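# Observations on the model geometry
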Amino acid sequence: MKHTISVLLQNKPGVLSRVTGLFSGRGFNIESLSVAPTLETDVSCLTLVTVGDNNIVEQITKQLHKLIDIIKVTDISEFEFVEREMALIRVKAEPSTRAEILRICDIFRGKVVDVSAKSYALEVTGTCDKVQAMIDILRPIGIQEIVRTGTIAMTRANKKY
Amino acid sequence: MKITGAQALLKCLEEQKVETIFGFPGGAVIDLYDEILAQDKITHVLVRHEQAAVHAADAYARVTGDVGVALVTSGPGATNTVTGIASAYMDSIPIVVFTGQVPTGLIGNDAFQEVDIVGITRPCTKHNYLVKNINDLVPTIREAFYIARSGRPGPVLVDLPKDVMATRFVFPEPQQVKMRTYRPTYEPHPGQIEKACQAILKAKKPVIYAGGGVILSNASDDLTQLARTADIPVTMTLMGLGGFPGTDPLSMGMLGMHGTYYANMAVANCDLLIAVGSRFDDRVTGRVDAFAPHAKIIHIDIDPTSISKNVKVHIPIVADCKHALTAMNTWFARSEEFNAKTEKGNHAAWLREINDWRVAHPLGYVDTPDVIKPQFVVQKLHELTHGDAIITTEVGQNQMWAAQFYHFNHPRAFMTSGGLGVMGYGFPAAIGAQMAAPDRTVIDIAGDGSIQMNIQEMATAMQYKLPVKIAILNNGYLGMVRQWQELFYDKKYSATPLDVAPDFVALARAYGAVGLRATKPSEVEPVIKEALATKNLVVMDFVIAREEGVYPMVPAGKATTEMLLV
Ligand SMILES: Cc1ncc(C[n+]2csc(CCOP(=O)(O)OP(=O)(O)O)c2C)c(N)n1
Ligand SMILES: [Mg+2]
């Protein structure tokens with residue numbers, strides 16, 4: 001099963017490498033990972049998505065917690081939460097497909113962020129599944145480049161853990 | 001008054017009550033060595049290879065119960081420590097390793113003798129640091145010692161750039177270490193203690209499975225009290241030996257791959273398994289689904305990641321072993337139900353069942369009149385030292401025979417590289433142990449292969465007049481690997497015969513030590529007696545039965561009930 005794990009960590013050199021080293025060393029998998037500072041400047045929030053049965057995810061959270069620089073580990077998939085991912089997608093745009101691309105972009109509430117004679121760059125935000133769906137639909141038209149942020153997530157208010 | 005980083009480091013060591021450090025100098029730590037010479041509170045032991053410094057610090061920590069310290073230079077000095085650090089990590093031994101580093105301005109430049117030792121040791125330290133700013137130096141060292149000795153202990157590495165060691169600053173006031181992100185749990189949850197004790201009360205066939213955590217938390221007495229009060233037989237892991245008296249009638253000796261038949265049978269048939277400071281290692285469990293298949297499992301461990309990692313646990317207790325066992329002993333002292341039982345916790349029927357297994361397949365070996373059996377040597381060592389020596393081991397058959405036949409009655413008397421299994425651990429460990437306990441007899445039970453991995457330390461032992469005894473069980477083979485080849489690879493002895501070996505007696509003499517050799521069983525006792533009476537480094541070369549095996553043996557991946565017996 002897919003789990004989204006939120007990790008608060010001290011913003012120090014090498015901390016990210018402790019986390020990724022833990023995953024590679026113990027054979028846990030990482031589907032996506034994103035890190036950025038929080039309100040406190042010396043604390044970062046790392047969101048990672050992993051797949052594994054309950055035992056594995058329990059080990060992952062315990063092992064993460066054991067790392068000295070880590071403040072808090074929450075498997076937020078145990079709660080109600082919102083998750084978002086953003087992608088930038090460059091699609092081949094020919095006179096015959098331009099309208100189609102814009103329509104698809106609209107349906108997914110995406111934005112055109114760059115235009116050239118032969119391509120559109122689109123921005124889309126949503127759950128990982130939504131982003132994936134848009135990519136799948138654009139694929140036959142001709143995707144030239146994709147950059148994705150990885151998932152970030154937050155538990156819903158009043159459902160606090 | 002301003003002092004240098006190097007002076008501050010020594011001040012920190014004093015603050016931590018460090019008396020002995022093991023090290024080897026080089027360009028990056030030359031400032032530190034200059035300061036070491038200028039003081040007399042801390043003894044520096046000059047090893048002959050940095051790996052030995054770490055193993056010695058490891059054993060020093062095990063004997064004293066405090067933190068062991070090693071100091072080495074950058075680059076090759078640092079990389080040479082990795083095996084020692086990894087071994088201490090696997091065995092949860094509190095050590096702090098200081099490595100020199102190139103000046104901060106050169107870090108990342110592929111400078112001479114630069115290596116990213118913090119990166120290299122990240123997965124095999126409890127934590128590690130690179131100190132780039134002099135103001136971080138003292139708090140970092142205080143934190144390093146605190147982390148090494150608290151919670152589940154382990155090695156911490158502190159990398160010290162040369163310029164930081166030379167910088168002058170004002171030494172900060174002593175301060176209690178407080179960390180936001182690291183707070184080990186020592187106290188058990190009372191509800192879990194209640195559940196565990198109730199389970200013990202109900203159990204008909206309980207077994208205690210004790211590991212190194214019992215020794216690390218100084219909980220041997222508490223464990224012994226619990227076992228005797230509730231009448232529970234005890235088996236120990238390699239790391240747990242000495243955690244419960246090996247000659248006590250309730251002791252079943254070691255379990256697992258080379259454990260006793262009766263310990264493995266007891267675990268396989270028990271209805272309650274009480275794991276204390278042990279971690280369900282594959283060498284203990286064998287095939288996991290056949291390990292204690294009928295048992296409810298209680299697991300006491302200070303490290304939550306150990307619990308339910310390999311085997312599902314029913315009553316987890318995250319706590320220091322000593323705290324948890326004390327709470328359980330208090331519970332039993334107060335329990336009316338327990339104390340009202342006429343037979344107390346008596347498990348006579350269960351103990352009889354175990355004894356039948358013991359009688360059917362005791363731990364033993366076939367003695368021969370003209371060839372020395374290694375088990376006989378270990379038994380003689382036990383007898384002639386009255387079981388009171390500190391024993392270190394190398395790795396292989398020698399290690400298992402030591403574990404099986406030297407019935408450890410006390411904690412902190414058996415030092416072996418359990419988790420990593422490092423050949424070459426035993427001799428430097430003996431040096432560290434002898435530094436920690438100058439008046440005790442310290443014996444390294446060695447193999448002819450392993451001893452050659454750190455044999456250069458004879459010079460160290462001689463320099464510091466350490467009367468360590470090395471007992472080489474010389475079979476002319478990398479014996480443990482040969483045993484696997486004998487059993488599972490059609491006796492094809494690939495790369496295991498040690499066709500060329502030094503004359504260990506002559507080698508000892510070359511270092512100024514004493515060399516003794518026994519080739520017949522009748523010579524074993526006189527050689528040991530002479531060694532024990534000699535106040536010098538002694539190498540005893542016991543020429544043993546070449547193809548003797550270690551039994552019982554559970555083949556890797558098999559159930560622990562599928563033992564190959566003598
Ligand atoms: C550094 C290291 N290299 C290799 C091994 C693999 N190994 C385990 S036991 C063993 C044989 C040890 O031979 P010896 O020291 O003569 O001991 P014996 O088994 O003969 O008693 C070997 C090679 C190891 N444990 N450590
Ligand atoms: Mg050998």
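As the structure is a computational prediction, the values presented were derived from the model and not from experiment. (Residues numbered from 1 in each chain as written. Chains lettered and ligands numbered in written order. Predicted model: local features only at pLDDT ≥ 70, side-chain atom pairs only at ≥ 80, totals over all residues. Heavy atoms only, no water.)

Glancing now at the overall build of chain B. If you tally the helices and strands in chain B, you get 23 helices and 20 strands. Along the longest, intermediate and shortest principal axes, the C-alpha atoms of chain B span 70 × 60 × 40 Å. For chain B, the proportion of its 566 residues judged to be buried stands at 60%. Pairs at least 24 residues apart make up 76% of the contacts formed inside chain B by residues separated by at least 6 positions. Carbon and sulfur atoms make up 53% of the accessible area of chain B, which totals about 21,800 Å². Averaged over its 50 positive side-chain charges, chain B has a centre that lies 4 Å from the centre of its 57 negative ones. (Helix = DSSP H or I, 4+ residues; strand = E, 2+ residues; numbered from the N terminus. Buried < 20%, exposed > 50% of the residue type's maximum accessible area, 1.4 Å probe, protein only. Contact = heavy atoms within 4.5 Å. Areas by Shrake-Rupley, 256 points an atom, 1.4 Å probe, with all protein chains shown as cover. Lys, Arg positive; Asp, Glu negative; His and termini not counted. Charge placed at Lys NZ, Arg CZ, Asp CG, Glu CD.)

Let us look at the site of ligand 1. Residue and element names in this part refer to chain B. By nearness alone, 17 residues border ligand 1, and Gln397, Gly449, Ser450, Gly479 and Met480 come closest of all. Between Asp448 and ligand 1, the recorded distance is 2.9 Å, taken from a side-chain N or O atom to an oxygen atom. Measuring from an oxygen atom of ligand 1, one finds a backbone N or O atom of Met480 at 2.9 Å. Protein contact buries 76% of the 580 Å² of open area that ligand 1 shows by itself. Breaking the shell around ligand 1 down by element, the ones donating at least two residues are helix H18 (397-405) and helix H21 (479-488). (Near = heavy atom within 4 Å. Polar contact = N/O pair within 3.5 Å; in protein donor to acceptor, adjacent residues only side chain to side chain.)

Residue and element names in this part refer to chain B. With parallel pairing, the six strands of this open sheet are ordered in space as E3-E2-E4-E5-E7-E6. Two strands in the sheet have a free side with no partner beyond their single neighbour: strand E3 (43-46) and strand E6 (127-130). Between one strand axis and the next, the sheet turns through 20° on average, direction left out of account. Both strand E2 (residues 20-23) and E3 contribute to a ladder of four bridges, which runs parallel. If you follow Ile21 over to E3, its bridge partner there is His44. Running at roughly 145° to strand E7 (residues 155-161), helix H5 (residues 82-90) makes contact with strand E5 (95-101) and E7 of the sheet. (Pairing = 2+ DSSP bridges. Axes fitted to C-alpha atoms, helices over the stretch in contact; angles between N-to-C directions.)

Our focus in this paragraph is the interface of chain A and chain B. Of the residues lining the interface, 15 residues belong to chain A; the matching set on chain B comes to 16 residues. For the chain A and chain B pair, buried surface summed over both sides reaches about 1,500 Å², with 48% attributable to carbon and sulfur atoms. Interface area lost by chain A to chain B is led by Arg18(A), Lys66(A) and Ile68(A), which between them contribute 44%. Along the contact surface separating chain A from chain B lie two salt bridges. Two residues, Asp303(B) and Lys66(A), come together in a salt bridge whose shortest N-O distance is 2.7 Å. (Buried area = accessible area lost by both parts, 1.4 Å probe. Salt bridge = Lys/Arg side-chain N within 4 Å of Asp/Glu carboxyl O.)

What follows is about the sheet that holds strand E10 (residues 234-236) of chain B. All names here are of chain B. As summarised here, the arrangement of the six strands in space is E11-E10-E9-E12-E13-E14, forming an open sheet in which the pairing is parallel. The open sheet has two edge strands, strand E11 (251-254) and strand E14 (315-318), and neither has a second partner. In this sheet, neighbouring strand axes are inclined to one another by 15° on average, regardless of whether the strands run parallel or antiparallel. Looking at chain direction, strand E9 (residues 206-210) and E10 are connected through three bridges and run parallel.

Residues and elements named next belong to chain B. Core analysis: the biggest nonpolar cluster contains 71 residues, and Ile200, Ile208, Val276, Ile298, Ile317 and Phe542 have the highest contact counts within it. What Ile200 contacts, discounting residues up to four positions off in sequence, is Ala230, Ile232, Leu272, Ile274, Ile298, Met328 and Phe332. Val47, Ala430, Met458 and Ile470 belong to the second largest nonpolar core, which has 51 residues in total. (Core = buried A, V, L, I, M, F, W, Y, C linked by side-chain atoms within 4.5 Å.)

Attention now goes to H5(B). All names here are of chain B. Inspection of H5 places Gly84, Ile85, Ala86, Ser87 and Ala88 among the buried residues, and these make up the whole buried set. Buried positions along H5 lie against helix H3 (50-64), E5, helix H6 (117-121) and E7. Directly after H5, the chain includes Ser92, whose backbone phi takes a positive value near 55°.

The subject of this paragraph is the packing of aromatic side chains. Think of a pair of aromatic rings as described by two things: how far the centres are apart, and how the planes are tilted against each other in angle. The full count for this structure, using the stated rule, is 14 aromatic pairs over all chains. Measuring from ring centre to ring centre gives 5.8 Å for Tyr146(B) and Tyr182(B), while their planes differ by 80°; the resulting arrangement is edge-to-face. Of this pair, Tyr146(B) sits in helix H7 (residues 134-149) while Tyr182(B) sits in the loop between strand E8 (168-170) and helix H9 (190-202), and the two are 36 residues apart along the sequence. An angle of 80° between the planes, with centres 5.1 Å apart, marks the rings of Trp331(B) and Phe332(B) as edge-to-face. For the pair shown, Trp331(B) and Phe332(B) are each scored as buried. Positioned over the ring face of Tyr120(A) is Arg98(A), at 5.0 Å from the centre of the ring. The aromatic ring of Tyr477(B) is capped on one face by Arg546(B), whose charged end is 4.2 Å from the ring centroid. (Phe/Tyr/Trp six-rings, centres within 6.5 Å; stacked < 30°, edge-to-face > 60°. Lys NZ or Arg CZ within 6 Å of the ring centre and 35° of its normal.)

The next thing to look at is a nonpolar patch on the surface. Residue and element names in this part refer to chain A. Residues Leu88, Val113 and Val147 make up a contiguous nonpolar surface patch of about 230 Å² in total accessible area. One can find Val113 in strand E6 (residues 111-115). When its relative accessible area of 43% is taken as the criterion, Val113 is described as partly exposed. (Patch = residues over 30% accessible without salt bridge, like charges linked within 9 Å, V, L, I, M, F, W, Y side chains within 5 Å.)

What follows is about the layout of surface pockets. Of the voids in this model, the second largest pocket is the one considered here, and its volume is about 1,200 Å³. Lining of the second largest pocket is provided by 40 residues; of these, Gln63(A), Lys66(A), Leu67(A), Tyr89(B) and Asp303(B) occupy positions nearest its centre. In terms of residues, the lining of the second largest pocket owes the most to one element, helix H1 (residues 15-25) of chain A, which gives five residues. Looking at side-chain class alone, the lining of the second largest pocket contains 14 nonpolar, 14 polar and 12 charged residues. (1 Å grid on protein atoms, 1.4 Å probe; cavity = no way out; pocket = protein on both sides within 12 Å on 5 of 7 lines; lining within 4 Å. Points joined across faces, edges and corners; volume = space filled by probe spheres on them. Nonpolar A, V, L, I, M, F, W, Y, C, P; charged D, E, K, R; others polar.)

Our next topic: the side chain of His347(B). By secondary structure assignment, the location of His347(B) is in the loop between helix H15 (336-340) and helix H16 (348-360). Ignoring any residue separated from it by four or fewer positions in sequence, one finds His347(B) in contact with Ala203(B), Lys204(B), Pro206(B), Ala230(B), Asp231(B) and Ile232(B).

Residues and elements named next belong to chain B. Here Glu548 lies in the segment after strand E20 (538-543). For Glu548, a relative accessible area of 12% translates into the label buried. Among the polar contacts made by the side chain of Glu548, one reaches the side chain of Gln375 at a distance of 2.9 Å. Each residue touching Glu548, except ones within four places of it in the same chain, is listed here: Tyr365, Lys373, Pro374, Gln375, Gln397, Trp401 and Arg482.

All names here are of chain A. As for its placement among the helices and strands, Thr61 is situated in helix H2 (residues 54-66). Taking relative accessible area as the criterion, Thr61 reaches 19% and is therefore assigned buried. For Thr61 and Thr74, which are 13 residues apart along the polypeptide, the C-alpha to C-alpha distance reads 7.4 Å.

Before going further, it helps to examine the packing of H9(B) against helix H14 (residues 321-334) of chain B. All names here are of chain B. Between H9 and H14, the shortest axis-to-axis distance is 10 Å and the interhelical angle comes to 60°. Here H9 is positioned oblique relative to H14, judged by the angle of their axes. The two elements H9 and H14 cross, and the hand of that crossing is right-handed. Every residue of H14 that contacts H9 at Ile193, Glu194, Ala196, Cys197, Gln198, Ile200 and Leu201 is listed here: Ala324, Ala327, Met328, Trp331 and Phe332. Class assignment for the residues of the contact of H9 with H14 results in 10 nonpolar, one polar and one charged. (Parallel < 35°, antiparallel > 145°, perpendicular 65-115°, else oblique. Left-handed = near helix turned anticlockwise from the far one by under 90°.)

All right, on to the environment of Gln10(A) then. Tracing the chain through its elements places Gln10(A) in strand E1 (residues 2-10). Using a relative accessible area of 17% as the deciding quantity, one classes Gln10(A) as buried. C-alpha separation for the pair Gln10(A) and Asp42(A), spaced 32 residues apart in sequence, amounts to 5.9 Å. Beyond its immediate stretch of four places on either side in the chain, Gln10(A) contacts Val15(A), Asp42(A), Asp69(A), Ile71(A) and Thr181(B).

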